[in-house]
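A closer look at the structure
Listed below, chain by chain, are the residues.
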Amino acid sequence: MSIRHGLLALLERGPRYGSQLRTEFESRTGSTWPLNVGQVYTTLSRLERDGMVAQGGEDTAGHTLYTITDSGRAELRTWFENPVDRTSPARDELAIKLAMAVGAPGVDIRDVIQSQRRHTVKAMQDYTRLKAQALVAVESSAARERDDVAWLLVLEQLIFQTEAEARWLDHCESRLIRLSTTTATATATSANAPVAPDAHAAPPMPVAPGSPVAPHAPHAPRSDLGR
């Protein structure tokens, strides 16, 4: 998440002070990614250092106002015009957890998957309820308040994300079942396979008839068995 670009986008609408920026950022994203004032002012300081924002006096309450510079506008345009880079994906805690759970002693990865699936489904249900509320807010507003529309878009992204996560968890469980079955079949086949003769073993020595080690001829069946 790019906090710096989010703050630049808000500052393009006019001068703002720190806590005002935090409030508007959370309103626009529905508090999905809450900020604290310290984060906001740290980011503003870096933007000011980089020449993208400048302090522009104070409001009537004595709050220091920040304004966007031409350099900041150029940075913001570049951000809007270029796609988000996916070649270096952010670390995903769930993917890392499942990767580490494979073969971990005392850990049943299927239990890990099932527990996460329950949580993911509940989150999806919560997001769906919030989406219904956001739709009511958007449809009831003749002006189509941009904060309501922005919040709706964020919610729909979260719903798509949790749906994809639920499908991925189902896939992981199916994959593990198939691998477990394949491994068990291969083990059983190996255990029941006939032992191949040793190609380097000496051939059996011929045995003369009547020799003490010669094999006995099979007995003829007796006709009086059962009498």
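What follows concerns the overall build of the chain. The helix and strand tally for the chain stands at seven helices and two strands. Taken from N to C terminus, the helices and strands of the chain fall in the order α-α-α-β-β-α-α-α-α. Here the chain, with 227 residues, has 24% of them falling under the buried criterion. When contacts within the chain are restricted to residue pairs at least 6 apart in sequence, those whose partners lie at least 24 apart make up 53%.

Take the nonpolar core next. With 16 residues, the main nonpolar core has Leu7, Leu8, Leu11, Leu21, Val40, Leu44 and Val53 as its most contacted residues. Secondary-structure elements contributing two or more residues to this core are helix H1 (3–11), helix H2 (18–29), helix H3 (37–49) and strand S2 (64–68). Non-local contacts of Leu11, meaning those with residues more than four positions away in its chain, are made with Arg16, Leu21, Leu44, Val53, Tyr66 and Ile68.

What follows deals with the environment of Arg4. Position of Arg4 among the secondary structure elements: in helix H1. Remark: the alpha-carbon pair of Arg4 and Leu44, spanning 40 residues in sequence, is separated by 7.7 Å. Residue contacts for Arg4: discarding those within four places in its chain leaves Thr43, Leu47, Asp50 and Met52.

The next point concerns the packing of aromatic side chains. This structure, assessed with the given rule, holds two aromatic pairs. Summarising the aromatic geometry, the rings of Trp79 and Phe80 are spaced 5.3 Å apart at their centres and angled 40 degrees between planes, so their arrangement reads as tilted. The exposure class of Phe80 is partly exposed, given its relative accessible area of 48%.

Next up on the list: the pairing of strand S1 (residues 53–58). Sheet analysis places S1 next to S2, joined by four bridges and oriented antiparallel. Across the sheet, residue Gln55 finds its bridge partner in S2, namely Tyr66. Adjacent in sequence and paired antiparallel, S1 and S2 are bridged by five residues, among which Gly62 carries a positive phi angle near 90 degrees.

This prediction gives the chain a mean pLDDT of 83; 78% of its residues lie at or above 70. Here residues 205–227 is modelled with pLDDT under 50, and outside its nearest four sequence neighbours on either side it reaches three contacts, counting other chains as well.

What follows is about H3. Its 13 residues give H3 an end-to-end C-alpha distance of 18 Å, which sits within 8% of 18 Å, the value for a rise of 1.5 Å per residue. Each element contacted by the buried residues of H3 is listed here: H1, H2, S1 and S2. The backbone nitrogen of Gly38 lies 3.0 Å from a side-chain oxygen of the residue at the head of H3, namely Asn36. Immediately downstream of H3, the backbone of Gly51 shows phi near 80 degrees, a positive value.

As a further point, take the pattern of salt bridges. For the structure on display, the rule yields twelve salt bridges. Salt-bridge contacts for Asp50 lead to Arg4; the nearest nitrogen and oxygen are separated by 3.8 Å. In this pair, Asp50 is assigned in the loop between H3 and S1 and Arg4 in helix H1, connecting sequence segments 46 residues apart. On the accessibility criterion, Asp50 (34% relative accessible area) is partly exposed. Across the salt bridge formed by Arg16 and Glu24, the nearest N and O atoms sit 2.9 Å from each other. For Arg16, a relative accessible area of 11% corresponds to the buried category. Salt bridges sharing partners connect three or more residues here, namely Arg4, Arg49 and Asp50.

Among the structural elements, Thr120 can be located in helix H6 (residues 109–140). Those residues in contact with Thr120 that lie beyond four places of it in its chain are Thr162, Glu165, Ala166 and Leu169.

Scoring rules and cut-offs
Residues numbered from 1 in each chain as written. Predicted model: local features only at pLDDT ≥ 70, side-chain atom pairs only at ≥ 80, totals over all residues. Heavy atoms only, no water. Helix = DSSP H or I, 4+ residues; strand = E, 2+ residues; numbered from the N terminus. Buried < 20%, exposed > 50% of the residue type's maximum accessible area, 1.4 Å probe, protein only. Contact = heavy atoms within 4.5 Å. Core = buried A, V, L, I, M, F, W, Y, C linked by side-chain atoms within 4.5 Å. Phe/Tyr/Trp six-rings, centres within 6.5 Å; stacked < 30°, edge-to-face > 60°. Pairing = 2+ DSSP bridges. pLDDT = per-residue confidence, 0-100. Expected span 1.5 Å × (residues − 1). Polar contact = N/O pair within 3.5 Å; in protein donor to acceptor, adjacent residues only side chain to side chain. Salt bridge = Lys/Arg side-chain N within 4 Å of Asp/Glu carboxyl O.

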